[in-house]
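A look at the structure
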Amino acid sequence: MSEVKLSVETRTEFGKGAARRIRRENKVPGVLYGHGSDPLHLTFPGHELLLALRTPNVLIALDIDGKSTELAIPKSVQRDPIKGFLEHVDLQLVQRGETVTVEIPVLTEGELAAGGNLLEHVLGTLPVEAEATHIPESVTVSVEGLAAGASILAKDIALPKGTKLAVDDDAVVIQVLAAQAEEAAEGEEAGEAAEA
């Protein structure tokens, strides 16, 4: 995983008015916390932060006021519900070699068995433990040929080296369901035929 470098500034103004002023300048207010230190209130460059957050669990090298550099990963991102712009971000301080718990997206590949089956992502993301500088971007699971009733458990997913599950081994991640609308329609037709 590559690092994204951002130059950030510490901020001393707080509250809604200060946050609005920051956003008008195309910047984003945020907080850096972790390792028992006091939360550090920061102002991020809006566009650069938006690009960085396109990668899940991105590792960000923060150049704070040109004086110090810290590594962090995103923990909470608030967006405007209508326009989608970033309103606030919380970052967690990390160190090289440190193990962190994050959620990584679960992607699927392949075609289900014929018959109108439906794929359900019970867990859209998989909680894992990984070294802070080697967090996988995602995991890909093959669903090739799976039929209704089949499921993929957390323990069935091949994880990259150095990554461990942070969820119960028997947790269902993906399951295949039979198409219920067709079954219901067939059941109604059979009922009508019996009545006639």
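Counting of residues starts from 1 at the beginning of each chain's written sequence and follows it residue by residue. It should be noted that, the model being predicted, local features are given only for residues of pLDDT at least 70 and side-chain atom pairs only at 80 or more, the latter also being counted only at that level, while totals for whole chains, interfaces and linings use all residues. Only hydrogens and water are set aside when side-chain values are computed; all heavy atoms of the structure are taken into account.

Quick look at the confidence of the model for the protein
pLDDT runs from 0 to 100 and stands for how confident the predictor is about each residue. Mean pLDDT over the protein works out to 82, with 91% of the residues at or above the 70 mark. Strands here are runs of E lasting at least two residues and helices are runs of H or I lasting at least four, both read from the DSSP assignment and numbered beginning at the N terminus. Ranking the elements of the protein by mean pLDDT puts helix H3 (residues 180–195) last with 52 and strand S12 (residues 164–165) first with 90.

Side note on the sheet that holds strand S5 (residues 68–79)
With respect to topology, six strands assemble into a closed barrel ordered S1-S3-S2-S6-S5-S4, the strand pairing being mixed. Averaged over all adjacent pairs, the angle separating strand axes in this sheet is 45°, with direction ignored. In terms of strand pairing, strand S1 (residues 3–10) meets strand S4 (residues 59–64) through six bridges, oriented parallel. Bridge assignment links Lys 5 to a residue of S4, and that residue is Ala 61. The contact definition used throughout considers only heavy atoms, calling two residues in contact when any of these lie within 4.5 Å. As a rule, the C-alpha atoms of each element are fitted with a line to give its axis, helices using only the stretch in contact, and angles between N-to-C directions run from 0 to 180 degrees. The strands that helix H1 (residues 16–24) touches are strand S2 (27–34), strand S3 (37–45) and strand S6 (86–94); relative to S2, the one it contacts most, it runs at about 120°. DSSP-based pairing: two strands are paired if at least 2 bridges between them are found.

Brief notes about the environment of Lys 75
For Lys 75, the position within the fold is in strand S5. Buried residues are those whose accessible area, probed at 1.4 Å on protein chains only, stays under 20% of the maximum for their type, while exposed residues exceed 50% and partly exposed ones sit between those limits. Residue classification places Lys 75 among the partly exposed residues on the basis of a relative accessible area of 37%. Each C-alpha atom of the pair Lys 75 and Asp 90 lies 5.6 Å from the other, and the pair is 15 residues apart in sequence. If we skip the residues at most four places from it in the chain, Lys 75 touches Tyr 33, Asp 90, Leu 91, Gln 92 and Thr 101. Each polar contact in these results corresponds to two N or O atoms within 3.5 Å; when the atoms are within protein, one needs to be able to donate a hydrogen and the other to accept it, and residues that are neighboring in sequence are counted only if both atoms are side-chain atoms. Of note is the side chain of Lys 75, whose polar atom sits 3.3 Å from the backbone oxygen of Thr 101.

Comments concerning the sheet that holds strand S9 (residues 125–131)
Sheet architecture is open: four strands sit in the order S10-S7-S9-S12, paired in mixed fashion. Taken across any chain shown, the strands that pair with only one partner, and hence form the sheet edges, are strand S10 (139–142) and S12. In this structure, strand S7 (residues 99–109) lies alongside S10, joined through four bridges in parallel fashion. Within the sheet, the bridge partner assigned to Glu 109 lies in S10 and is Ser 142.

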